[in-house]
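Spelled out from the first residue to the last, the chains are:
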Amino acid sequence: MDDNEKTKEQLAGELVALRKQVERLDKQDRRRRLVYQEEREESKLHIKRFRTLARVSPIGILVSNTDGKCWYVNQEWCAISGATSTEINDSGWERFVHSDDRVVFSEWQEAVEKARQFRSQYRFQRPDGSIVWVWGQGIPEQTQDGKVTGFITTITDITRLKQAEEKEHFLAAIVNSSDDEIIGQTLDGIIVSWNSGAERMYGYTENEVIGKSISILESPERKNEISECLDEIKNGKKIEHFETVRLCKNGTQLDVSLTLSPIEDEHGGIIGVSAIARDIADQKRAEEKNRYLAAIVNSSDDEIIGQTLEGMIVSWNDGAERMYGYKKSETVGKSITILESADRKNEIFDCLNQIRDGKKIEHFETVRVRKDGTQLDVSLNLSPIYDENGKIAGASAVARDITEQKKAEERIRYLAAIVNSSDDAIIGKSLDGRIVSWNHGAELMYGYKESEIIGDSITILEAPGRKNEIFDCLNQIRDGKKIEHFETVRVRKDGTQLDVSLNISPIEDEHGGIIGASAIDRVIPDSSLPVA
């Protein structure tokens, strides 16, 4: 075989091999094309699935490149942010972030640059002015060699959560700033919350009581009261305005009004108790005072009448009934002028005009007419009655029948004239020896003026050698005895002594109780000075 034939055979062999190689490459290309087609179809399917998922997703999804340019945003993102997809594509999502939260975009860019995850809470301000809070998260899209090609960012609307948190913070602030005690406790009575009002009320700090039993506040006289209340709460009952006594840290007891309510979990199960207690010590004292005052008013011998500024009677006590002869049913709702004397017309309304101006009228002596037409002398005290807003709403009138007083005053003036004109010293003193009256005769006898001696001890007149003599006499007076013609020695202002004869008698009050002593001192004729 010559060289040409060999060359032809080689070329033929090479051609066959080349054809086989082309066939193999063609197969590989067809296989690659098929794989590519399959991958492309699968990619389309993935994209379709992604878009479907993104479209129905309850969270907002945004896909962007590394400079923030958006190439996909779902409807939920638009709904949450209040922006359209066109606006986001044109302007970027950061434009719609609240002005106070724009720093979040810098945080997002840093996450992109460092190829790390992004997490943050921030706000969108919608075109209508409303604010929505979101929880934003993002992850980078990376090539196999780690290069960041884009970023997928999601947002979840947490506005209600933030509002709930704000409400909780607000409620917590209200609870902590309340003057009332507000305590949270388990159904076993273990304290789990303790506000500043409870701290002020009971004296325990929060650190001292959290984890302790609520029974530390239980009064010894009210054992098992707290556990009985907790049993009612366990049964779903609410206890309102329950008045009881609680024990403070310092051992003192406190009147409180309690409202106990069940604390429920999200399923409605009772998991604890909230207790709101109010210190009612002042209220109790006020109620007691009001009852006491009402009893005083009703049992008073004085007339006590309440009336409007127009003179209409609104209250009428037993004293008024006895004084004027009208029963309460006959006067309430009537004009106070039924008591006005014919010769004192308009006097009552002149007084009410002064009350309207905020003035108080004291010891005003006048004349009133009884139901039977008789007249009586009275002394009036008129005071404004204020409503809860401090506005004058009426007048209270306290009147005393001074008919007998006027007669007594006349009698007293007559007796006082007799006493003061007497040459004998007539001295009034309390049972502890304090001088309360001193007549002209005493002034002449002892040399002290009334203004110098009133309020001093009667021992100022006692001779040095007769210590305790005066108090011995007063002790006898205290026992109801009367001392007559008792001869002794007294010391004058100038230090000289003189012999006197004393008559000492008890002074009684209107109930017969001994409240003092009256002494009539008479100089014994031809008494000698001095007496040691």
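Everything here concerns the structure above.
Described in the following lines is the structure provided in the data block.

### Some words on the overall build of the chain
Here is step 1 of the chain: Assigned secondary structure in the chain consists of 16 helices and 20 strands.
Here is step 2 of the chain: Out of the 532 residues belonging to the chain, those deemed buried represent 35%.

### A look at unusual backbone geometry
Here is step 1 of the chain: Look at Ala115: it is not a glycine, yet its phi comes out positive at around 55°.
Here is step 2 of the chain: Turning to its location among the elements, Ala115 is positioned in the loop between α4 (103-113) and β3 (118-125).
Here is step 3 of the chain: Under the relative-accessibility criterion, Ala115 is labelled partly exposed at 29%.
Here is step 4 of the chain: Look at Asn468: it is not a glycine, yet its phi comes out positive at around 70°.

### Description of the environment of Gln497
Here is step 1 of the chain: Here Gln497 lies in strand β19 (residues 497-508).
Here is step 2 of the chain: Considering only alpha carbons, one finds Gln497 and Glu462, 35 residues apart in sequence, at a separation of 9.5 Å.

### Describing helix α12 (residues 347-356)
Here is step 1 of the chain: Among the residues of α12, those classed as buried are Glu347, Ile348, Cys351, Leu352 and Ile355. Each buried residue of α12 sits inside an arc of 135° when the element is viewed along its axis, so together they form one side.
Here is step 2 of the chain: Check the buried side of α12 and you find it contacts β11 (303-308), β13 (361-369), β14 (375-386) and β15 (392-401).
Here is step 3 of the chain: Two residues or fewer after α12 comes Gly358, characterised by a positive phi angle close to 90°.

### Notes on the pairing of strand β17 (residues 435-438)
Moving residue by residue along a regular strand, the side chains alternate between the two faces of the sheet.
Here is step 1 of the chain: Inspection of the sheet shows strand β16 (residues 425-430) paired to β17 by 3 bridges, in the antiparallel sense. The partner of Lys429 across the bridge, within β17, is Ile435.
Here is step 2 of the chain: Hairpin connection of β16 to β17: 4 residues between the antiparallel strands, including Gly433 at a positive phi of 90°.

### Section: the sheet that holds β14
Here is step 1 of the chain: In space, the 5 strands of this open sheet follow the order β12-β11-β15-β14-β13, with antiparallel pairing throughout. Every interior strand has two partners, whereas the edge strands, β12 (313-316) and β13, have only one. Taking each pair of neighbouring strands and ignoring which way they run, the sheet shows an average axis angle of 30°.
Here is step 2 of the chain: Here 9 bridges tie β14 to β15, and the two strands are oriented antiparallel to one another. Counted as the bridge partner of Ser383 is Ser396 from β15.
Here is step 3 of the chain: Against the sheet, α12 engages β11, β13, β14 and β15, with an angle of about 155° to β13.

### Considering the packing of aromatic side chains
Here is step 1 of the chain: Inspection of every chain in the model, using the stated rule, returns 14 aromatic pairs.
Here is step 2 of the chain: An angle of 70° between the planes, with centres 5.6 Å apart, marks the rings of Tyr122 and Phe124 as edge-to-face. Here the two residues Tyr122 and Phe124 agree in accessibility, since each one is buried.
Here is step 3 of the chain: Sitting above the plane of the Trp133 ring, Lys162 keeps its charged end 4.4 Å from the centroid.

### Thoughts on the state of the cysteines
Here is step 1 of the chain: Throughout the structure, instances matching the rule amount to 0 disulfides.
Here is step 2 of the chain: With no disulfide of its own, Cys70 lies 8.3 Å from the sulfur of Cys78, the closest cysteine sulfur.

### Considering the environment of Asp157
Here is step 1 of the chain: Take Asp157: it is sitting in strand β5 (residues 148-157).
Here is step 2 of the chain: Residue Asp157 is classed as partly exposed on the basis of its relative accessible area, which comes to 38%.
Here is step 3 of the chain: As for Asp157 and Ile80, which are separated by 77 residues in sequence, their C-alpha atoms are 6.7 Å apart.
Here is step 4 of the chain: Asp157 has contacts with Ile80, Val132 and Trp133, leaving out every residue within four places of it along the chain.

### Some remarks on α4
Here is step 1 of the chain: Val104, Phe105, Trp108, Ala111 and Val112 are the residues of α4 that are buried. With its buried residues spanning 115° around the axis, α4 presents them on a single face. Exposed and facing more than 90 degrees away from the buried side of α4 are Val103 and Glu113.
Here is step 2 of the chain: Elements that come into contact with the buried residues of α4 comprise β1 (60-64), β3 and β5.
Here is step 3 of the chain: Positive phi appears at Ala115, one or two residues downstream of α4, with a value of about 55°.

### So, the pairing of strand β8 (residues 239-247)
Here is step 1 of the chain: Across 7 bridges, β8 lies against strand β9 (residues 253-264) in antiparallel orientation. In the sheet register, Arg246 faces β9, and the bridge partner there is Leu254.
Here is step 2 of the chain: From the end of β8 to the start of β9, which pair antiparallel, there are 5 residues, and Gly251 there has a positive phi angle of about 95°.

### Considering the side chain of Ser341
Here is step 1 of the chain: Along the chain, the position of Ser341 falls in the loop between α11 (328-331) and α12.
Here is step 2 of the chain: A distance of 2.4 Å separates polar atoms of two side chains, one belonging to Ser341 and the other to Asp343.
Here is step 3 of the chain: Sequence-distant contacts of Ser341, that is, excluding residues within four places in its chain, are made with Val367, Val369 and Gln375.

### Digging into the side chain of Glu303
Here is step 1 of the chain: Inspection of the secondary structure puts Glu303 in strand β11.
Here is step 2 of the chain: Although Glu303 is buried, it makes no salt bridge; Arg368 carries the closest opposite charge, 5.8 Å away.
Here is step 3 of the chain: In this structure the side chain of Glu303 is engaged in a polar contact, spanning 2.6 Å, whose partner is the side chain of Tyr324.
Here is step 4 of the chain: Residue contacts for Glu303: discarding those within four places in its chain leaves Asn317, Gly319, Ala320, Met323, Tyr324, Leu380, Ala397, Val398 and Ala399.

### Quick look at the sheet that holds β1
Here is step 1 of the chain: Spatially, β2-β1-β5-β4-β3 is the arrangement adopted by the 5 strands of the open sheet, whose pairing is antiparallel. Sheet topology places β2 (70-73) and β3 at the edges, where each strand pairs with a single neighbour. Going from strand to strand, the sheet's axes swing by 25° on average, the running direction of each strand aside.
Here is step 2 of the chain: For β1 and β5, the ladder comprises 5 bridges, and the chain directions are antiparallel. Bridging from a neighbouring strand, Gly60 pairs with Ile155 of β5.

What counts, and at which threshold
- Residues numbered from 1 in each chain as written.
- Predicted model: local features only at pLDDT ≥ 70, side-chain atom pairs only at ≥ 80, totals over all residues.
- Heavy atoms only, no water.
- Helix = DSSP H or I, 4+ residues; strand = E, 2+ residues; numbered from the N terminus.
- Buried < 20%, exposed > 50% of the residue type's maximum accessible area, 1.4 Å probe, protein only.
- Arc of directions from axis to C-beta.
- Contact = heavy atoms within 4.5 Å.
- Pairing = 2+ DSSP bridges.
- Axes fitted to C-alpha atoms, helices over the stretch in contact; angles between N-to-C directions.
- Phe/Tyr/Trp six-rings, centres within 6.5 Å; stacked < 30°, edge-to-face > 60°.
- Lys NZ or Arg CZ within 6 Å of the ring centre and 35° of its normal.
- Disulfide = S-S within 2.5 Å.
- Polar contact = N/O pair within 3.5 Å; in protein donor to acceptor, adjacent residues only side chain to side chain.
- Lys, Arg positive; Asp, Glu negative; His and termini not counted.
- Salt bridge = Lys/Arg side-chain N within 4 Å of Asp/Glu carboxyl O.

Scope: geometric values only; no functional claims are made or implied.
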